[in-house]
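# Descriptive structure summary
Spelled out from the first residue to the last, the chains are:
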Amino acid sequence: MRSFRFEVINNTIHILDGPPADQVLELPDDRVVKRLKDMLLHWNDLMEAKLCLESFNSKNADIVNRALAQNAIVLFYKCFGKSEFRDNSLKKDKILAGFPPAAKDVFDYYKNIRDKFIAHDASHHSQAMVGIALDTKKTPPFVDNIHMMATTEMFKTKEEIDGLQSFYRLVLVTLKWTEDTIDKLSDTINETYQTLPLSYFKDFSPLRLSAPSEQEMFKKRY
């Protein structure tokens, strides 16, 4: 993948350091373009997950490390499974084909962490307790206080931190697969359009970037 700097002027994108071009046009949403858009969103999520895990370190407060780990896990699994808004979700079996079974074990383990701990309170990592302080050596009432606590600790022990290294490697493998797929889709699109005459593009719209309105925010992208 190649990256270029750009600026937005009146919601229109202008490439700053790419090949010479006086216009940047938006491509129609055919099957290949839609797949490329979904892969780009996957890449964006995977890159953020990678950076979160790289920012995890012993100098951070526990709550910061926990937030980094949980955000990385949520972003990673956002790319997998059925989605109403991304028609081209990533597939575990396709990405991990040729890797040892342990790679799928890591995938399944952190998928369970996401489903049963981060998103829901279904595992024993989430604990809530209520008790009484009982003084049997005095006259009634024997109970003076109700004591309670809730704990959702994770990503603090050496084993949990070492485990995140395995998850980090899983993110890198998935990121590489996604980048390779983006390159292949880009080549396919380039081959489709590079020999067409200039007149073919006369009805294409400029590529625009703008913040969605409140009404647009939760609508499907296409």
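This text goes with the structure placed above it.
Residues numbered from 1 in each chain as written. Predicted model: local features only at pLDDT ≥ 70, side-chain atom pairs only at ≥ 80, totals over all residues. Heavy atoms only, no water.

### Focus: the overall build of the protein
From N to C terminus, the protein includes five helices and four strands. Listing the helices and strands of the protein from first to last along the sequence gives β-β-α-α-α-α-β-β-α. For a compact globule of 222 residues, the expected C-alpha radius of gyration is about 17 Å, and the protein comes in at 25 Å, more than 25% above that figure. Surface accessibility of the protein: about 15,300 Å² in total, with carbon and sulfur atoms responsible for 55%. If you average the places of the 31 positive and of the 32 negative side-chain charges in the protein, the two averages end up 3 Å apart. (Helix = DSSP H or I, 4+ residues; strand = E, 2+ residues; numbered from the N terminus. Rg over C-alpha atoms; globule rule 2.2 N^0.38 Å. Areas by Shrake-Rupley, 256 points an atom, 1.4 Å probe, with all protein chains shown as cover. Lys, Arg positive; Asp, Glu negative; His and termini not counted. Charge placed at Lys NZ, Arg CZ, Asp CG, Glu CD.)

### Notes on the pattern of salt bridges
Applying the stated rule across the entire model yields 10 salt bridges. A salt bridge links D93 to K104; the shortest N-O distance between them is 3.3 Å. Linking D93 in helix α3 (residues 92-95) with K104 in helix α4 (residues 101-118), this pair joins segments that are 11 residues apart in sequence. On the basis of relative accessible area, D93 is assigned to the partly exposed category, the value being 49%. The partner of K176 in a salt bridge is D180, and the shortest N-O contact between them spans 2.8 Å. Remark: D180 and K176 occur in helix α5 (residues 158-193); sequence separation between them is four residues, near one turn of the helix. Through salt bridges with shared partners, a single network forms among K111, R114 and D115. (Salt bridge = Lys/Arg side-chain N within 4 Å of Asp/Glu carboxyl O. Buried < 20%, exposed > 50% of the residue type's maximum accessible area, 1.4 Å probe, protein only.)

### Section: the layout of surface pockets
Volume-wise, the largest pocket comes out at about 2,300 Å³. What lines the largest pocket is a set of 40 residues, among which V24, L25, L36, L40 and L207 lie closest to the centre. Among the elements of the structure, β2 (12-15), α1 (31-55) and α5 are those that each provide at least two residues to the lining of the largest pocket. Considering each element in turn, the lining of the largest pocket owes the most residues, seven residues, to α1. Considering only residue class, the lining of the largest pocket consists of 25 nonpolar, six polar and nine charged. (1 Å grid on protein atoms, 1.4 Å probe; cavity = no way out; pocket = protein on both sides within 12 Å on 5 of 7 lines; lining within 4 Å. Points joined across faces, edges and corners; volume = space filled by probe spheres on them. Nonpolar A, V, L, I, M, F, W, Y, C, P; charged D, E, K, R; others polar.)

### Focus: the nonpolar core
Counting residues in each nonpolar core, the largest one holds 42 residues, and the members touching the most others are F76, Y77, L90, Y110, F155, F167 and L170. Contributions of two or more residues to this core are made by α1, α2 (62-78), α4 and α5. At 11 residues, α5 tops the list of elements feeding residues into this core. Apart from residues lying up to four places away in sequence, L90 is in contact with M39, H42, L46, C79, F80, G81, I95, T174, W177 and T178. (Core = buried A, V, L, I, M, F, W, Y, C linked by side-chain atoms within 4.5 Å. Contact = heavy atoms within 4.5 Å.)

### Describing the pairing of strand β1 (residues 6-9)
Here β1 runs beside β2; their pairing, made up of four bridges, is antiparallel. Of the residues in β2, the one forming a bridge with F6 is I15. Between β1 and the antiparallel strand that follows it, β2, lie two residues; N10 among them carries a positive phi value of about 55°. (Pairing = 2+ DSSP bridges.)

### What to know about the packing of aromatic side chains
Inspection of the entire model under this criterion finds 16 aromatic pairs. Ring centres of Y110 and F167 lie 4.9 Å apart, and the angle between their planes is 40°; on these two criteria the pair is classed as tilted. Residue Y110 is found in helix α4, and its partner F167 is found in helix α5; the two are separated by 57 residues along the sequence. Here the aromatic cluster, defined as three or more aromatic residues joined through ring pairs, consists of F76, Y77, F80, F107, Y109, Y110 and F167. (Phe/Tyr/Trp six-rings, centres within 6.5 Å; stacked < 30°, edge-to-face > 60°.)

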